[in-house]
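The lines below spell out each chain.
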Amino acid sequence: MKQNLNPNKPNKTSKPSGTKKPQPSQVDPAQLRIAELTNSLQLLQAEFENFKKRQNEEQMSTMLRAKEIVLSEMLPALDNFDLAATHLPAELEGNSWAQGMVYVGQQLTQKLDELGITKLNPINQNFDHNIHEAIEHVQSDKPEGIITEVITPGYQIGDRVVRPARVKVSGGTNPATQ
Amino acid sequence: MGKIIGIDLGTTNSAMAVMEGGEATIIANAEGGRTTPSIVAVNKNGERLVGQTAKRQAVINPDNTIFSVKRLVGRTIDDEEVKRDIDLMPYQILKADGHVKVKIGDKYYTPEEVSAMILSKLKADAEKFLGQPVTEAVITVPAYFNDAQRQATKDAGKIAGLEVKRIINEPTAAALAYGLDKKKEEKVIVYDLGGGTFDVSVLELGDGVFEVKSTNGDTHLGGDDFDLLLINHLIAEFKKDQGIDLKADKAAMQRLKEAAEKAKIELSSTSQTSVNIPFITADAEGPKHLDMTLSRADFEKLVMELVEKTLKPCESALKDAGIKKEDVNEIILVGGMTRMPLVQKKVEEFFGKKPLQGVNPDEVVATGAAIQGGVLGGDVKDVLLLDVTPLSLGIETLGGVSTKLIERNTTVPTSKSQVFSTAADNQTSVEINVLQGDREMANDNKSLGRFVLDGIPPSPRGVPQIEVSFNIDANGIVNVSAKDKATNKEQKITITGGGSLSDDEIKKMQEDAEAHAEDDKKTKAMVEARNHADTLIYTAEKTLVDAGDKVSDDDKKPVADAIAALKEKKDSEDIDELTKLTDDLNTKLMKVGEQMYKEEAEKKPEDSADNDKKADEETGKKTDEKGEEAEEGEVVDDKENTK
């Protein structure tokens, strides 16, 4: 099929108008051109003003954006630190080296907190699509919609979600089929 | 009239763009994403969710989460595609009131109504982004969409409150994004390998009109299939290594999926990557880790069959269009998967021609739709193509330095003003040497013209304010003026033809500036250090005179000695020594200044006015033989206008 991209050529599918067109009045071409150029200038000016406003807003959020990018890159390593702590073998529980590594992990979490980054660990909370991502719907004694397990925690900077917490959600005794 | 936005309403993801300042800009959604999942849901609270939020809860609400609704738009219940989807999709598709409808909650919606929900979110996000209402759009559809499907898409726009100014084909939009509509006669292949589908289209351009000669493809071949092959490979390797099947572990599969996608992307730019997932699972023995190295060659072996599968539809499309590979003028790549070097290589091998790149393949369709929106909205017709000034413009200042007022590559028309002063006491005229070029020293740049402004009232150096203004109009004509702010006396010069430099000469000057950048910087630094030393000697000598008996001779001596030391080395080539001696004089002078102020503070109030006047006069500079202007630190005004 042919696609006409020229706004001055009518499309094949356009229907002819039923009314008679009025006679064009005599308009000074110079005046017409002035009106055209004025309109273009106003549009350009407005566009520029809007662009400036957006640039200003973006500049203010650049710092935030930079934090988000760095945090996003660090997330896999942070997750793995959490997992390492979770999987601490029983026989190493008294081990001072192992304990030191756990402290390092805690230190990382504390540092994030100081930077205004909130860690979301929503176990037993109600599922919230704004800050959680459901990975699995599971059968559970817990009420429907309650988070039964956090697979990976989420992270937020202010109210901006950098990564939602990835969770398993209780379907009660009858979870949704996959 | 507001902006007409361009919308790529995709099966899996949608994107939108708008023309701004002659360029297409992708509009980010409210969540900051450049694409929006084409997913709609209604949760148990009756809340309607669109995009990312809908996607996040899909697993726990599959009955009421609608995705890939584009497959149903404009179709009837008897269409094969619809029948297949009825079996495949977790949500209910049925016939109601004579139409295909999907059930969400306890309500039934046509696919157009669901598409309208997606478009409504895009509209709202675009309005937030642009800060103005959005009521008009150009929406793209696959080239194989029939009239019913196109009309349904238009209806979806209308429901969403958008007047759809045009429905254009996705491959046509891609061609627009590459500016191919500017060419006369072209045969174009659009190779679109997206997340879930593969489409190939043959377009023929003539008289500004694109004709779709043929389309072909595979509706179940896309990037997701490439990911799946890699994931299965990793699962198999892990099972071989650790004896554990990760398929049953949803959490592990999620991490594996992300890691596989990341590895796939990395292998487009590196020859090897590592897939490293610690604590991916655990058994009685303890935690298990996945740690594998994957080369680009290994990955290409895995997916070769999929890539080659895209070539048969290409052959069929060419055959149906009645054209040979050799007749193809351009190939455009669309879709994220086309970033893969193997895909690009196979396409180039098949068509015998390198495909066009340069526009983000995920955004190229939305970009093209925005361009069409711009054309329809009058943004992009007979636009004044604005030029740039290829070389910097400025004047010669003290020490033979070239001081730029307008940087190269500044869009014209433009104007800039800067205030300069005199270099010598009682200097009553200044010569303005207008320079073109990016070398640091005036002698190395081209002089476009000179003029003199005289009648400057005799004053200490640095006191007069001479405003030098440069103005370049859209035709490249340069007007330079110099005005004495005290007398309003003004002189000007007009330079036409940009100094009559040819393109080759301009290029040479640009290259010279780059080649000599380091040396020029050193030369300029030396000149500026000498200027600074001159200024400071003048100021210091004046201060000592003005200090009179407020400062004792013992306190003045260190300054006098520092002046003498600096005068001796003023013309040396050793910039470090010069800077050291200048700093030393500055420090000692400051002490004298402190003392003078201390003395002043202890004096009666009526004396303070006189001292303030004397402090103001301490801005003068040493006499320069040529009587040229001194460029400053004393620039008082710096106005910039872009017309």
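Each residue is numbered by its place in its chain's sequence as written, counting from 1. Key to labels: chains lettered from A, ligands numbered from 1, both in the order written. It should be noted that, the model being predicted, local features are given only for residues of pLDDT at least 70 and side-chain atom pairs only at 80 or more, the latter also being counted only at that level, while totals for whole chains, interfaces and linings use all residues.

Here we look at the overall build of chain B
For the record, the criterion: Elements are defined by DSSP. Helices are runs of H or I of four residues or more, strands are runs of E of two residues or more, and each kind is numbered from the N terminus. Partly exposed residues are those whose C-beta has more than 12 but fewer than 20 other C-beta atoms within 10 Å; 20 or more makes a residue buried and 12 or fewer makes it exposed, with C-beta atoms placed from the backbone. In this description, any two residues whose backbone-derived C-beta atoms lie within 7 Å of each other are considered to be in contact.
When its secondary structure is counted, chain B shows 16 helices and 28 strands. The buried share of chain B, taken over its 643 residues, is 42%. Excluding contacts between residues fewer than 6 apart, the proportion of contacts in chain B whose partners are at least 24 apart in sequence is 67%.

Details of the overall build of chain A
Broken down by element type, chain A carries two helices and seven strands. Across chain A, helices and strands are ordered from the amino to the carboxyl terminus as β-α-α-β-β-β-β-β-β. Out of the 178 residues in chain A, the part that is buried amounts to 16%. Considering only residue pairs separated by 6 or more positions, chain A has 61% of its internal contacts joining residues 24 or more positions apart.

Some words on the pairing of strand E24 (residues 466-472) of chain B
All names here are of chain B. Our working rule: Paired strands are those between which DSSP finds at least two bridges.
Counting buried residues along E24, five of its seven residues qualify, which places the element largely inside the surrounding structure. With seven bridges connecting them, strand E21 (residues 414-422) and E24 associate as antiparallel partners. The residue bridging Ser417 from the neighbouring strand is Ser469, located in E24. The pairing of E24 with strand E25 (residues 478-484) spans seven bridges and is classified as antiparallel. Considered in E25, the bridge of Phe470 is made with Val480.

A closer look at the environment of Lys101 of chain B
Residue and element names in this part refer to chain B. Within the element layout of this structure, Lys101 appears in strand E9 (residues 99-104). In sequence terms Lys101 and Glu112 are eleven residues apart; their C-alpha atoms lie 9.2 Å from each other. What Lys101 contacts, discounting residues up to four positions off in sequence, is Leu94, Ala96, Tyr108, Tyr109 and Thr110.

A word on the packing of helix H13 (residues 517-547) of chain B against helix H15 (residues 575-602) of chain B
All names here are of chain B. So the rule is basically this: Note on definitions: angles span 0 to 180 degrees between N-to-C directions of axes, and those axes are lines fitted to C-alpha atoms, for helices only across the stretch in contact. Roughly parallel means an angle under 35 degrees; roughly antiparallel, over 145; roughly perpendicular, 65 to 115; everything else is oblique. Note on convention: the crossing is left-handed when the near helix lies turned anticlockwise from the far helix by less than a right angle, right-handed when the turn is clockwise. All residues other than Ala, Val, Leu, Ile, Met, Phe, Trp, Tyr, Cys, Pro, Asp, Glu, Lys and Arg, Gly among them, are scored as polar; the first ten of these are nonpolar and the last four charged.
Relative to each other, H13 and H15 sit at 25 degrees, their axes nearing to 10 Å. When the axis of H13 is compared with that of H15, the two are roughly parallel. As for the relative orientation of H13 and H15, their crossing is left-handed in sense. Taken together, the residues of H15 that come into contact with H13 (itself represented by Ala525, Met526, Ala529, His532, Ala533, Leu536, Ala540, Thr543 and Ala547) are Ile575, Leu578, Thr579, Thr582, Leu585, Asn586, Leu589, Val592, Gly593 and Met596. In terms of residue class, the contact of H13 with H15 is built from 13 nonpolar, six polar and no charged.

Side note on the interface of chain B and chain A
Counting from both sides, the interface comprises 34 residues of chain B and, opposite them, 31 residues of chain A. Element by element, the count of residues in the side of chain B that touches chain A is highest for strand E15 (residues 209-218) of chain B, at four residues. Of the residues assigned to the side of chain B that touches chain A, the class counts are 16 nonpolar, twelve polar and six charged.

Looking at unusual backbone geometry
In most cases, non-glycine residues show a negative phi, while peptide bonds are predominantly trans. For Ser68 of chain B, which is not a glycine, the phi torsion comes out positive at approximately 55 degrees. For Asn488 of chain B, which is not glycine, the phi torsion reads 65 degrees and is therefore positive.

Regarding the sheet that holds strand E5 (residues 39-42) of chain B
Residues and elements named next belong to chain B. In spatial order, the strands read E6-E5-E7; together these three strands make up an open sheet with antiparallel pairing. The sheet terminates laterally at strand E6 (48-50) and strand E7 (65-67), the two strands that pair on one side only. The average undirected angle you get between the axes of adjacent strands in this sheet is 15 degrees. Note that E5 and E6 share three bridges and pair antiparallel. Within the sheet, the bridge partner assigned to Val40 lies in E6 and is Val50. The strands touched by helix H3 (residues 111-130) are E5, E6 and E7; relative to E6, the strand with the most contacts, the crossing angle is about 70 degrees.

Some points on H15 of chain B
In an α-helix, one turn spans 3.6 residues, which is why side chains three or four residues apart end up on the same side. Residues and elements named next belong to chain B. We apply this condition: Helix span is expected to be 1.5 Å times the residue number reduced by one.
Counted at 1.5 Å a residue, the expected span for H15 with its 28 residues is 40 Å, and the 40 Å between its end C-alpha atoms agrees. Of the residues making up H15, those classed as buried are Leu578, Leu581, Thr582, Leu585, Lys588 and Leu589. On the buried face of H15, the contacting elements are H13 and helix H14 (553-569).

Brief notes about the environment of Val430 of chain B
Residues and elements named next belong to chain B. Here Val430 lies in strand E22 (residues 430-436). For Val430, a count of 25 C-beta atoms within 10 Å translates into the label buried. It is 8.8 Å that separates the C-alpha atoms of Val430 and Ile466, two residues lying 36 residues apart in sequence.

Digging into the packing of H14 of chain B against H15 of chain B
Residue and element names in this part refer to chain B. Contact geometry of H14 with H15 gives a least axis separation of 9 Å together with a crossing angle of 155 degrees. One element, H14, and the other, H15, form an angle in the roughly antiparallel class. Remark: the crossing between H14 and H15 carries left-handed chirality. Contact residues: H14 offers Asp555, Lys556, Pro558, Val559, Ala562, Ile563, Ala565, Leu566 and Lys569, while H15 offers Glu577, Leu578, Leu581, Thr582, Asp584, Leu585, Lys588, Leu589, Val592 and Gln595. Of the residues contributing to the contact of H14 with H15, the split by class is eleven nonpolar, two polar and six charged.

Quick look at the sheet that holds strand E8 (residues 93-96) of chain B
Strand pairing in a sheet relies on backbone hydrogen bonds. The paired strands run either parallel or antiparallel. All names here are of chain B. Ordered by their spatial adjacency, three strands build an open sheet running E8-E9-E10, and the pairing between neighbours is antiparallel. The open sheet is flanked by E8 and strand E10 (107-109), the only strands paired with a single partner. Averaged over all pairs of adjacent strands, the angle between their axes in this sheet comes to 50 degrees, without regard to strand direction. Two strands pair when backbone bridges link them, and E9 and E10 are joined in this way by three bridges, in the antiparallel orientation. The residue bridging Val102 from the neighbouring strand is Tyr109, located in E10.

Side note on the confidence of the model for chain A
Do not read the predicted coordinates in detail wherever pLDDT is low. Residues and elements named next belong to chain A. So the rule is basically this: One number per residue, pLDDT, summarises how confident the predictor is, and it ranges from 0 to 100.
When pLDDT is averaged along chain A, the result is 81; 84% of the residues meet or exceed 70. Across chain A, element-level confidence peaks in strand E7 (residues 165-170) with a mean pLDDT of 94 and bottoms out in strand E1 (residues 2-4) with 52. Contacts of residues 7-23 to residues separated by more than four positions or lying in other chains number four contacts, the stretch itself having pLDDT below 50.

Some remarks on the confidence of the model for chain B
Residues and elements named next belong to chain B. Put simply, chain B has an average pLDDT of 87, and 91% of its residues get 70 or more. In the model, residues 607-643 has pLDDT below 50 throughout and makes 81 contacts with residues more than four positions away in sequence or in other chains. Predicted complex metrics record ipTM = 0.72 and pTM = 0.69.

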